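Chain and residue survey
Each chain, letter by letter, is given below.
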Amino acid sequence: MIAVITGDIISSQNAESESWIGSLRNLLSTWSATPENWEIYRGDEFQIKCSVDDAFAKALMIKSLIKNIENLDVRLAIGVGNEVFRSEKITESNGSAYVNSGRLLNEIKAEGRTLAIRTENDNVNRDLNILFKWASIDFDGWSVATAEIIHRMLTNRDLTQEQLARDFSISQSSVSQRLKRANYELIYETNQFFRKKIAEL
């Protein structure tokens, strides 16, 4: 069983592709090799294969990275299932994980949602998608400053608030306020719940 995240950049026409594509490539490159495990295609769409346990955390890393850029957001569809054909290019691989992810992206685009999951288990889908709808209210409202802090914390969990304060040239109390506004502790708890729920598959 694998997870496939298919995404597209919202309002990509409002920004030069250079403003986000290099950063996204750099992030994805730290996870695995391209084009077998990830690819950016058709200008503003991308697909990533990852372990099921890591899917939510990786989706949030992508979300916080793209929200670093003024007026940009990202839509993410997580598909969980099998892989029946593995090609040298992820966009040519196949299986229920790929089908679930690709079809789901089209559905949430029509519904105006930015994060959803589809597995082979209807109960898991129901529970996680209700959670994602609530969580997206926070995620979609992240400011650039909040997204920067969240992204750094998600990609380097050993960072202290003092280190972040030095890196961003702000006070430690400002870092703490940003993390509270972003409900960072709740993000961590949500990821733990996601992993527990996914274990039911």
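Residues numbered from 1 in each chain as written. Predicted model: local features only at pLDDT ≥ 70, side-chain atom pairs only at ≥ 80, totals over all residues. Heavy atoms only, no water.

The chain carries the name MarR family transcriptional regulator in an unreviewed UniProt entry, which gives Kaistella pullorum as its organism.

Quick notes on the layout of surface pockets
It is the rolling of a water-molecule-sized probe over the atoms that shows where space remains empty. Its boundaries defined by the atoms lining it, the largest pocket holds a volume of some 220 Å³. Lining the largest pocket are 14 residues; nearest its centre among them are Thr6, Tyr41, Arg42, Gln47 and Gly102. Elements with a minimum of two residues in the lining of the largest pocket: strand S3 (45-50) and helix H3 (96-111). If one sorts the elements of the lining of the largest pocket by residue count, H3 sits on top with 5 residues. Taken together, the residues that form the lining of the largest pocket break down as 4 nonpolar, 7 polar and 3 charged. (1 Å grid on protein atoms, 1.4 Å probe; cavity = no way out; pocket = protein on both sides within 12 Å on 5 of 7 lines; lining within 4 Å. Points joined across faces, edges and corners; volume = space filled by probe spheres on them. Helix = DSSP H or I, 4+ residues; strand = E, 2+ residues; numbered from the N terminus. Nonpolar A, V, L, I, M, F, W, Y, C, P; charged D, E, K, R; others polar.)

Overview of the side chain of serine 87
Residue position: serine 87 is located in the loop between strand S4 (73-81) and H3. A polar contact is formed between the side chain of serine 87 and the backbone nitrogen of lysine 89, at a distance of 3.2 Å. If near-sequence neighbours (up to four positions away) are discounted, serine 87 is found in contact with Glu36, Glu92 and Ser93. (Polar contact = N/O pair within 3.5 Å; in protein donor to acceptor, adjacent residues only side chain to side chain. Contact = heavy atoms within 4.5 Å.)

Things to note about the pairing of strand S2 (residues 38-41)
With burial as the criterion, each face of S2 is covered, one bearing Trp38 and Ile40 and the other bearing Glu39 and Tyr41. Relative to S3, S2 runs antiparallel, the two being bridged by 4 bridges. Considered in S3, the bridge of tryptophan 38 is made with isoleucine 48. Adjacent in sequence and paired antiparallel, S2 and S3 are bridged by 3 residues, among which arginine 42 carries a positive phi angle near 50 degrees. (Buried < 20%, exposed > 50% of the residue type's maximum accessible area, 1.4 Å probe, protein only. Pairing = 2+ DSSP bridges.)

Re the packing of helix H1 (residues 21-29) against helix H2 (residues 55-66)
The geometry of H1 relative to H2 is characterised by a closest axis approach of 10 Å and an angle of 155 degrees between their N-to-C directions. Here H1 lies roughly antiparallel to H2, going by the angle between them. H1 and H2 meet at a crossing whose hand is right-handed. Along its contact with H1, which presents Ser23, Leu24, Leu27 and Leu28, the element H2 presents Met61, Ile62 and Leu65. Grouping the amino acids of the contact of H1 with H2 by side-chain chemistry returns 6 nonpolar, 1 polar and no charged. (Axes fitted to C-alpha atoms, helices over the stretch in contact; angles between N-to-C directions. Parallel < 35°, antiparallel > 145°, perpendicular 65-115°, else oblique. Left-handed = near helix turned anticlockwise from the far one by under 90°.)

Overview of the nonpolar core
One finds Trp20, Phe46, Ile62 and Ile78 to be the most contacted residues of the largest nonpolar core, which totals 52 residues. No other element matches the 9 residues that H2 contributes to this core. Ignoring sequence-local partners within four residues, the contact set of isoleucine 78 consists of Ala3, Val4, Ile5, Ala55, Phe56, Ala59, Leu104, Leu115, Ala116, Ile117, Arg118 and Phe132. (Core = buried A, V, L, I, M, F, W, Y, C linked by side-chain atoms within 4.5 Å.)

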